[in-house]
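Fold and contact review
Now for the letters of each chain:
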Amino acid sequence: AGLTALQAALASITCHASAGEFAGFTLIAALAAYTEIAVMELIINARYFLMSCALSQKLDNKMPFFHRLIMGLFVTDETVSVPEKLNPAYMYGMVLVASPAWVLGTYFGVLFGNILPANIVSALSVGLYGMFIAIIIPPARKNHIIAGVVAISMIISCIFSYAPVISSISSGTRIIILTVVISLAAAILFPVKD
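One structure accompanies this document, and this report is about it. Everything numeric here is computed off the predicted structure, so don't read it as measured data.

Core analysis: the biggest nonpolar cluster contains 13 residues, and Y48, L55, L59, M71, V75, L86 and M91 have the highest contact counts within it. Elements with a minimum of two residues in this core: α4 (47-56) and α7 (88-115). With three residues, the single largest contributor to this core is α4. With six residues, the next largest nonpolar core counts A23, L27, I37 and I176 among its residues.

Spelled out as structure tokens, the structure:
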């Protein structure tokens, strides 16, 4: 994307989401508009609104605001799967391990990505897609609606890539449109029961 290892590491300090970071760097490389990057980040990272709500239920009502604020900055997929009650010491312990590893992983990923041959970097880039597949497959195996929505999303995305008028729209904007439309349709057609 044209960023130095230090710039990428600084981005990792402020964005603790692999999908958000990947999308952001991809859009930066594509010279996307700031508004497109901002909207894409908002949509991709919207799940953190829900995670924060779920995590807030595990906090003591008497916890001071500054602890809630700091803990809110470090909400990730991993921190949501914590014990029943979450205290600041436990969260800060997770953050002290996970956050530096996340930032250093990005730093060294860019550093080695610039050193390694292009074919090896390309081969390693499928790792993120493997992670997405690992996230999608278990719920899709348990729920046929999720499997159907994933399959339909893939088919429509492919069609949108080649459709005469729609393919001229930037890929980031197409993903935004598809994400909103397909998620909305799935929520209306197949609402989750309480």
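Before going further, it helps to examine the layout of surface pockets. Gaps between atoms show up when a probe of the same size as a water molecule is rolled over them. Estimated volume of the second largest pocket: approximately 880 Å³. Lining of the second largest pocket is provided by 25 residues; of these, F22, F25, T106, G109 and V110 occupy positions nearest its centre. Of all the secondary structure elements, the ones that give two or more residues to the lining of the second largest pocket are α2 (18-29), α7, α8 (118-124) and α9 (126-142). If one sorts the elements of the lining of the second largest pocket by residue count, α7 sits on top with nine residues.

Thresholds, definitions, all that
- Residues numbered from 1 in each chain as written.
- Predicted model: local features only at pLDDT ≥ 70, side-chain atom pairs only at ≥ 80, totals over all residues.
- Heavy atoms only, no water.
- Core = buried A, V, L, I, M, F, W, Y, C linked by side-chain atoms within 4.5 Å.
- Buried < 20%, exposed > 50% of the residue type's maximum accessible area, 1.4 Å probe, protein only.
- Helix = DSSP H or I, 4+ residues; strand = E, 2+ residues; numbered from the N terminus.
- 1 Å grid on protein atoms, 1.4 Å probe; cavity = no way out; pocket = protein on both sides within 12 Å on 5 of 7 lines; lining within 4 Å.
- Points joined across faces, edges and corners; volume = space filled by probe spheres on them.

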